Protein chains: 2
Amino acid sequence: MSNVATNFTQRTINYDQLLGDFKVLLKKNNLKFTIQREVILETLYNSDEHLAPESLHHLLQDKFPELKIGIATVYRTLSLLEDSDMVTSLSFGAQGKKYELGAKNHHDHLICTSCGTITEFVDEEIEERQHNIADELGFTMQDHSMQIYGICKNCK
Amino acid sequence: MSNVATNFTQRTINYDQLLGDFKVLLKKNNLKFTIQREVILETLYNSDEHLAPESLHHLLQDKFPELKIGIATVYRTLSLLEDSDMVTSLSFGAQGKKYELGAKNHHDHLICTSCGTITEFVDEEIEERQHNIADELGFTMQDHSMQIYGICKNCK
DNA sequence: ATAATAGCGATAATAATTCTCAAAAGAAGA
DNA sequence: TCTTCTTTTGAGAATTATTATCGCTATTAT
Ligand SMILES: [Mn+2]
Ligand SMILES: [Mn+2]
Ligand SMILES: [Zn+2]
Ligand SMILES: [Zn+2]
């Protein structure tokens, strides 16, 4: 029995809850609830991918062509969501910066350097050691990230 | 007794050895041994910092003004060194891409989000788990990186 | 020393991200 | 619903980071 758990694409809360949280957050900072912000949240929620701003923009143009969402709005909204801890950004080596909705449990990533496939996993032993290390070095941990690069099963 | 080891700034090989390796590498790929490549290697060797290309360029202009090394050469040489596994690049959240000479033992990083200080450490337990995880998921590990973000002792 | 070739610096080009601004939309209250 | 105030938006300019181009120079092998 392995203690490596995979498959973290399932959401920890449903969309309505998430949207509710978002609205509360916006009101609290007297920001407005706009259709652009809503469809960006929804699109992130419905995507299992780790999205680059550019890819997200393309998705939005496909799904909501009538809105003509601008790339600047995508960047602005991603920053807003990241600042509010609703999305996380990841920097995967050559692949550049990507975003994923935070409405998942914390997890780390395995990246195939051949086909680019990303596998999510979590390992309790590592999570625990990370906390211990921070403690031992007199550090208050806020966040951590770990990536394993290599060749996936399919590619070999 | 902790099993977290810190302080990895010491080099695992001396500069002459490193330079020798570099010359061999260059010859093998019929690349030329130039003064620019030499001072870049030397400057990286003599720096304990994790350097952005821009910072390295400034260092070089200070220490070797007569060479008037161009920024393009810095980028080119860093890429060459990275491709040859002599330097490693790191992406520290907001701080952007930084490089460090690989002539150190493998290690991970703790980054203070307040003052930017970077502490290096290695933890054998985590290293081992990383290998196991890759194995269990049918993955051939090539590399891995881990960062812990938080507030350092001084900043609190 | 010569010839062949790779590397250099300057700078143009590209890519990614942020800024600016005038018009449009959302929130709150009358 | 209408009005007013404030925030947000899209378009495109500006900025930043990185890469490509090119004529000249430095290095290497002979
Ligand atoms: Mn993920
Ligand atoms: Mn380091
Ligand atoms: Zn693969
Ligand atoms: Zn600090």
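These notes cover the structure that comes with them.

Focus: the protein's contact with DNA strand C
By nearness alone, 17 residues border DNA strand C, and Tyr75 of chain A together with Lys32, Arg37, Thr73 and Arg76 of chain B come closest of all. The share of sugar and phosphate among atoms of DNA strand C within 4 Å of the protein is 75%. Separating a base oxygen of DNA strand C from a side-chain N or O atom of Lys32 of chain B is a distance of 2.3 Å. Between DNA strand C and the protein, one listed contact pairs a sugar or linking oxygen with a side-chain N or O atom of Gln36 of chain B at 3.1 Å. Secondary-structure elements contributing two or more residues to the surface near DNA strand C are α4 (71–83) of chain A together with α2 (35–45) and α4 (71–83) of chain B. Residues of the surface near DNA strand C, tallied by class, amount to six nonpolar, five polar and six charged.

Examining the packing of aromatic side chains
All names here are of chain A. Going through the model one piece at a time under the given rule, you end up with two aromatic pairs over all chains. Taking 5.4 Å as the distance between ring centres and 55° as the angle between the ring planes, the aromatic pair formed by Tyr15 and Tyr45 counts as tilted. Of the two residues, Tyr15 sits in helix α1 (residues 15–28) while Tyr45 sits in helix α2 (residues 35–45), which places them 30 residues apart along the sequence. On the accessibility criterion, Tyr45 (15% relative accessible area) is buried. The ring of Phe33 has Lys23 sitting right over it, with the charged end atom 4.8 Å from the ring centre.

Considering the protein's contact with DNA strand D
In the vicinity of DNA strand D, 17 residues are found, and the nearest of them are Lys32, Arg37, Thr73 and Arg76 of chain A together with Tyr75 of chain B. Here DNA strand D approaches the protein such that, of its atoms within 4 Å, sugar and phosphate make up 72%. A distance of 2.3 Å separates a base oxygen of DNA strand D from a polar atom in the side chain of Lys32 of chain A. Of all the elements in the fold, those that place two or more residues in the surface near DNA strand D are α2 and α4 of chain A together with α4 of chain B. Tallied by class, the residues present in the surface near DNA strand D amount to seven nonpolar, four polar and six charged.

Looking at the interface of chain B and chain A
In this assembly, 36 residues from chain B lie in contact with 36 residues from chain A. For the pair chain B and chain A, the summed buried area comes to about 3,200 Å², and 60% of that belongs to carbon and sulfur atoms. Summed over the three residues of chain B that lose the most area to chain A, namely Arg129, Leu137 and Phe139 of chain B, the buried surface amounts to 19% of that side. Taken together, chain B and chain A are joined by four salt bridges. There are 19 residue pairs in polar contact (both at pLDDT 80 or more) connecting chain B and chain A. Element by element, the count of residues in the side of chain B that touches chain A is highest for strand β6 (residues 140–151) of chain B, at twelve residues. Two strands pair when backbone bridges link them, and strand β6 (residues 140–151) of chain A and β6 of chain B are joined in this way by eleven bridges, in the antiparallel orientation.

Observations regarding the coordination of the zinc ion (ligand 3)
Residue and element names in this part refer to chain A. Around the zinc ion (ligand 3), the donor atoms from the protein are Cys112 (SG), Cys115 (SG), Cys152 (SG) and Cys155 (SG), and they sit 2.2 to 2.4 Å away. Classification of the site at the zinc ion (ligand 3) as tetrahedral follows from its four donor atoms and the range of 102 to 117° in their angles at the metal. Of note, the zinc ion (ligand 3) draws all its donor residues from one chain, in the sequence arrangement C-x2-C-x36-C-x2-C. On the accessibility criterion, Cys155 (32% relative accessible area) is partly exposed.

Structural notes on the pairing of strand β3 (residues 97–101) of chain A
For a regular strand, side-chain orientation follows a simple rule: the groups alternate between the two sheet faces. Residues and elements named next belong to chain A. Of all five residues that make up β3, four are buried, and the element is covered over most of its length. Taken together, the five bridges between strand β2 (residues 87–91) and β3 define a ladder with antiparallel strand orientation. Within β3, the position partnered with Leu90 by the bridge is Lys98. The antiparallel pairing of β2 with β3 creates a hairpin that spans five residues between the two strands, and Gly93 there sits at a positive phi of about 35°.

Criteria and cut-off values
Going along each chain's sequence as written, the residues are numbered from 1 onward. Labels follow written order: the first chain is A, the first ligand is 1, and so on. Given that this is a predicted model, residues contribute local features only at a pLDDT of at least 70 and side-chain atom pairs are listed and counted only at 80 or more, while totals for whole chains, interfaces and linings are drawn from all residues. In computing side-chain properties, one takes all heavy atoms of the structure into account and sets aside hydrogens as well as water. Note on terminology: near, applied to a residue and a molecule or strand, indicates that one of the residue's heavy atoms is within 4 Å of it. We define a polar contact as two N or O atoms separated by no more than 3.5 Å, with the added condition that, inside protein, one atom must be a possible hydrogen donor and the other a possible acceptor, whereas residues neighbouring each other in sequence contribute only through side-chain atom pairs. Secondary structure counts use DSSP, requiring at least four H or I residues in a row for a helix and at least two E residues in a row for a strand, with both numbered from the N terminus. For this classification, the nonpolar set comprises Ala, Val, Leu, Ile, Met, Phe, Trp, Tyr, Cys and Pro, the charged set comprises Asp, Glu, Lys and Arg, and every other residue, Gly included, is treated as polar. When the centres of two rings from Phe, Tyr and Trp lie within 6.5 Å, Trp using its six-membered ring, the rings pair. Their planes under 30 degrees apart give stacked, over 60 give edge-to-face, and anything left gives tilted. Each residue gets one of three labels from its accessible area relative to the maximum for its type: buried under 20%, exposed over 50%, partly exposed in between, using a 1.4 Å probe on protein chains only. Only Lys NZ and Arg CZ are tested; either one counts as a charge over a ring when it is within 6 Å of the ring centre and within 35 degrees of the ring normal. Residues count as neighbours in contact if any of their non-hydrogen atoms are within 4.5 Å of one another. Defined here as a combined quantity, buried area equals the accessible surface (1.4 Å probe) lost by two parts on assembly, summed across both. By salt bridge we mean one thing: a side-chain nitrogen of Lys or Arg within 4 Å of a carboxyl oxygen of Asp or Glu. Whether two strands pair comes down to DSSP finding at least two bridges between them. Only N, O and S atoms count as donors, using a 2.8 Å limit from the metal and a wider 3.2 Å limit for Na, K and Ca, and since water is excluded some coordination spheres may look unfilled. Irregular is the default label, applied whenever a site is not tetrahedral (four donors, all angles between 85 and 135 degrees) and neither square planar nor octahedral (four or six donors, opposite donors over 155 degrees apart, all other angles between 65 and 115).

In short, geometric facts, not functional conclusions.
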